[in-house]
Amino acid sequence: MRECRERLLNGNYIESGGVITEALEIQTHVPSPAPEPQEGVEYLSDMRWQDCVEHYYEHCKKRYRNKSLDNSMSRIGIAGRILENQRNEQELPENGNIEEYTTLTALEYLQDRLLAGEESRQDYRAPTTVNSTMGAIMAFVRYCYRHDWIRKIPPLTKLSVDDVMKGRPVSSEEFEKMLEVTPEVVGKQPADSWKFVLQILWESAFRISDVMNFSWDDERKIHPVWPDRQDLHPTIVIPSTQKNRKNQEIPMLPGLQELLEQVPEKERRGWVVNPQPMEYQIETDSQWFRPTNRDLARLAEQYSNTAIGRACGVSDTTIRSWLSKAKIRRKVEFNQHQGEITPNAIAKLRKRAEKQSSRQAQRTEKRLSTDRVSRIIAQIGEQARIIVQQPDEETGRRLKYATAHDLRRGCAHRLINAGISAETLKVILRHRDFSTTEKFYGATKAAQAAAGEIHEKFESKGSKNEPTETKSLLSPEEIQKLKLILNSM
């Protein structure tokens, strides 16, 4: 009833021809007439780009998890804006037939523009990021092919990638440095809660999403299982909401067990980690801000998600999430202004946002989101000056400081060097395929560990070749007699 009332007030009811809900409007949506086809070109269907995107969204909404759906649709949105910009330059009508967007030439152009950093806050994208984005686009292209909207799936070639790991394992000395600089980033009062988060990551090989979903007593979340018998070891149960969508029970690492046992039993309720907000999270010189809902609605009428994200210091995915939570929908999807919001306008937006945020912070205290925690840990890595990837213009790699995932790599690295087999590491890291463990975490001993093993073997061999005084005191004749006696027995 509420939705029907809103549609009556905003005119959507009349425009849709009497459809009372948005869901029914999508189901009964009849594509508008496609632009006049180019001379001599016949399309397989009259489906346009945006029509196909809407159908694909409805298809994925029932099959994908929310985060996966947001990532996929964000990438398709980026592709749509890049291709529309090209059409504008060529003076072609916007929102053309789907076949115009899915030719090999169009997809290779999209691939090149993604690599060049278009629709990104960076000057370029890494090849691995481009391949991941194009993977989401090609999944959409295959969906269109299955529905007979396009004639064929173009044979697009992936970009070559030399190093698939975006970072490296963090060493013990570097981890201590991260703990040391934590108060400088989050403030003295919340520092202990953030150090505990870092220690859990360091001792568990968890992903950041796992840590934020780690509960003491909720069996629907990741939770520890403490055995009743002394001959058994504690384990961790992982529900099917994890990345590989499997219910699993994995061993609890000794370091994590020791860390959890330090928490008094009376405090083992709710979330295992609950990092506190930064002391200076809302300040006039903060790097990012969230506009008020009124300002956000005004910006959405004139600017794209990427343009708004650049002004606010966040990604276009974050802007999409803000618009969704505020129930703000654009009337026109394309032809949004791609330029920069003026500094004066940004200053006014920031001032109003900080004023409202300060009032909200005094009234409510919500648990920090996984993305927010991930960003703060990245700030800690940057403050500690722990570089896990050097920039390389030829390969498209950017300078990268230690993140939560590099702590996971560090834990895996320590396990391998301690002699844990790659098969056991696969269980702990919960990879679906062993090749992932081997490829991303280098399930082989590090050079120093291997060198230590080699020297140990050679030293033990050398110990067998001691000087003559340590050899047997029996003479050759006595040894021969002893052999004869043993043989006769």
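Basis of the calculations
- Residues numbered from 1 in each chain as written.
- Predicted model: local features only at pLDDT ≥ 70, side-chain atom pairs only at ≥ 80, totals over all residues.
- Heavy atoms only, no water.
- Helix = DSSP H or I, 4+ residues; strand = E, 2+ residues; numbered from the N terminus.
- Buried < 20%, exposed > 50% of the residue type's maximum accessible area, 1.4 Å probe, protein only.
- Contact = heavy atoms within 4.5 Å.
- Areas by Shrake-Rupley, 256 points an atom, 1.4 Å probe, with all protein chains shown as cover.
- pLDDT = per-residue confidence, 0-100.
- Axes fitted to C-alpha atoms, helices over the stretch in contact; angles between N-to-C directions.
- Parallel < 35°, antiparallel > 145°, perpendicular 65-115°, else oblique.
- Nonpolar A, V, L, I, M, F, W, Y, C, P; charged D, E, K, R; others polar.
- Salt bridge = Lys/Arg side-chain N within 4 Å of Asp/Glu carboxyl O.
- Expected span 1.5 Å × (residues − 1).
- Arc of directions from axis to C-beta.
- Polar contact = N/O pair within 3.5 Å; in protein donor to acceptor, adjacent residues only side chain to side chain.
- Patch = residues over 30% accessible without salt bridge, like charges linked within 9 Å, V, L, I, M, F, W, Y side chains within 5 Å.
- Lys, Arg positive; Asp, Glu negative; His and termini not counted.
- Charge placed at Lys NZ, Arg CZ, Asp CG, Glu CD.
- Pairing = 2+ DSSP bridges.
- Left-handed = near helix turned anticlockwise from the far one by under 90°.

A few words now on the overall build of the protein chain. Regarding its fold elements, the protein chain presents 22 helices and five strands. Across the 489 residues that make up the protein chain, the buried fraction comes to 39%. Pairs at least 24 apart in sequence give 64% of the contacts found in the protein chain among residues at least 6 apart. When the accessible surface of the protein chain is totalled, it reaches about 29800 Å², and 49% of it is carbon and sulfur.

Our focus in this paragraph is the confidence of the model for the protein chain. Fine structural detail should not be taken from predicted coordinates in areas where pLDDT scores are low. Summary statistics for the protein chain give a mean pLDDT of 80 and a share of 79% for residues scoring 70 or more. Mean pLDDT across the secondary structure elements of the protein chain bottoms out at helix α3 (residues 22–27), with 60, and peaks at helix α10 (residues 191–204), with 94. Under a pLDDT of 50 for its full length, residues 29–37 has, in the predicted model, 14 contacts with residues more than four places off or in other chains. Per-residue pLDDT stays below 50 along residues 359–364; that stretch engages in one contact with residues further than four places along the chain or on separate chains.

Relative orientation of the contacting elements helix α4 (residues 49–61) and helix α8 (residues 127–146) amounts to 100 degrees, with a least axis distance of 11 Å. It follows that α4 is roughly perpendicular to α8 by the angle criterion. Between α4, through Trp49, Cys52, Val53, His55, Tyr56 and His59, and α8, the contact on the second element is made entirely by Ala139, Phe140, Tyr143 and Cys144. Of the residues in the contact of α4 with α8, the class split is eight nonpolar, two polar and no charged.

Turning our eyes to something else, we now look at the pattern of salt bridges. Enumeration according to the criterion identifies 16 salt bridges in this entry. One salt bridge in this structure joins Asp231 and Arg229, with 2.6 Å as the shortest N-O distance. Both residues of the pair, Asp231 and Arg229, count as exposed. Between Asp406 and Arg409 there is a salt bridge, with the nearest N and O atoms lying 2.6 Å from each other. In this pair, Asp406 and Arg409 are both assigned in helix α18 (residues 404–417), three residues apart and thus about one turn of the helix distant. The class for Arg409 is buried, based on a relative accessible area of 9%. Residues joined in a network through salt bridges with shared partners are Arg207, Asp210 and Arg430.

With that settled, consider unusual backbone geometry. You will see that Asp148, though not glycine, has its phi angle at about 60 degrees, which is positive. Counting through the fold element by element, Asp148 comes out in the loop between α8 and α9 (172–186). The phi angle at Arg385 is positive, at roughly 60 degrees, despite the residue not being glycine. Relative to the assigned elements, Arg385 resides in the loop between α17 (370–383) and β4 (387–389).

With 12 residues, helix α7 (residues 104–115) should reach 16 Å at 1.5 Å per residue; the first-to-last C-alpha distance of 17 Å fits that figure. Of the residues making up α7, those classed as buried are Ala106, Leu107, Leu110, Gln111 and Leu114. The buried residues of α7 all sit within an arc of 140 degrees when viewed along its axis, so they share a single face. Packing partners of the buried residues in α7 comprise α5 (66–89), α6 (98–101) and α8. Where α7 terminates, the next one or two residues include Gly117, which has phi positive at roughly 95 degrees.

Here the focus is the side chain of Ser204. Along the chain, Ser204 turns up in helix α10. Taking the relative accessible area as the measure of exposure, Ser204 reaches 4% and is therefore buried. Of note is the side chain of Ser204, whose polar atom sits 2.5 Å from the backbone oxygen of Ile200. One polar contact links the side chain of Ser204 to the main-chain amide nitrogen of Phe206, over a distance of 3.1 Å. Not counting residues up to four positions away in its chain, the partners in contact with Ser204 are Leu253, Leu256 and Cys411.

On to a negative patch on the surface, then. A contiguous patch of negative charge on the surface is contributed by Glu173, Glu176, Glu180 and Glu184. Looking at the element boundaries, Glu176 is found in helix α9. For Glu176, a relative accessible area of 49% puts it in the partly exposed group.

Reading across from one edge, β1-β2-β3 is the order of the three strands in this open sheet, with antiparallel pairing throughout. Two strands bound the open sheet, and with one partner strand each, they are β1 (223–225) and β3 (248–251). When strand polarity is set aside, the average angle formed by the axes of neighbouring strands in this sheet is 35 degrees. Relative to β3, strand β2 (residues 235–238) is paired through four bridges, and the arrangement is antiparallel. Its bridge partner being in β3, Thr235 is matched across the sheet by Pro251.

Our focus in this paragraph is the packing of α9 against α10. It is the contact of α9 with α10, at a shortest axis distance of 9 Å, that shows an interaxial angle of 155 degrees. One element, α9, and the other, α10, form an angle in the roughly antiparallel class. Considering the relative orientation of α9 and α10, their crossing is right-handed. Between α9 and α10, the residues in contact are Ser172, Phe175, Met178, Leu179, Thr182, Pro183 and Val186 and Ala191, Trp194, Lys195, Leu198, Gln199 and Trp202, respectively. The class makeup of the residues in the contact of α9 with α10 is nine nonpolar, three polar and one charged.

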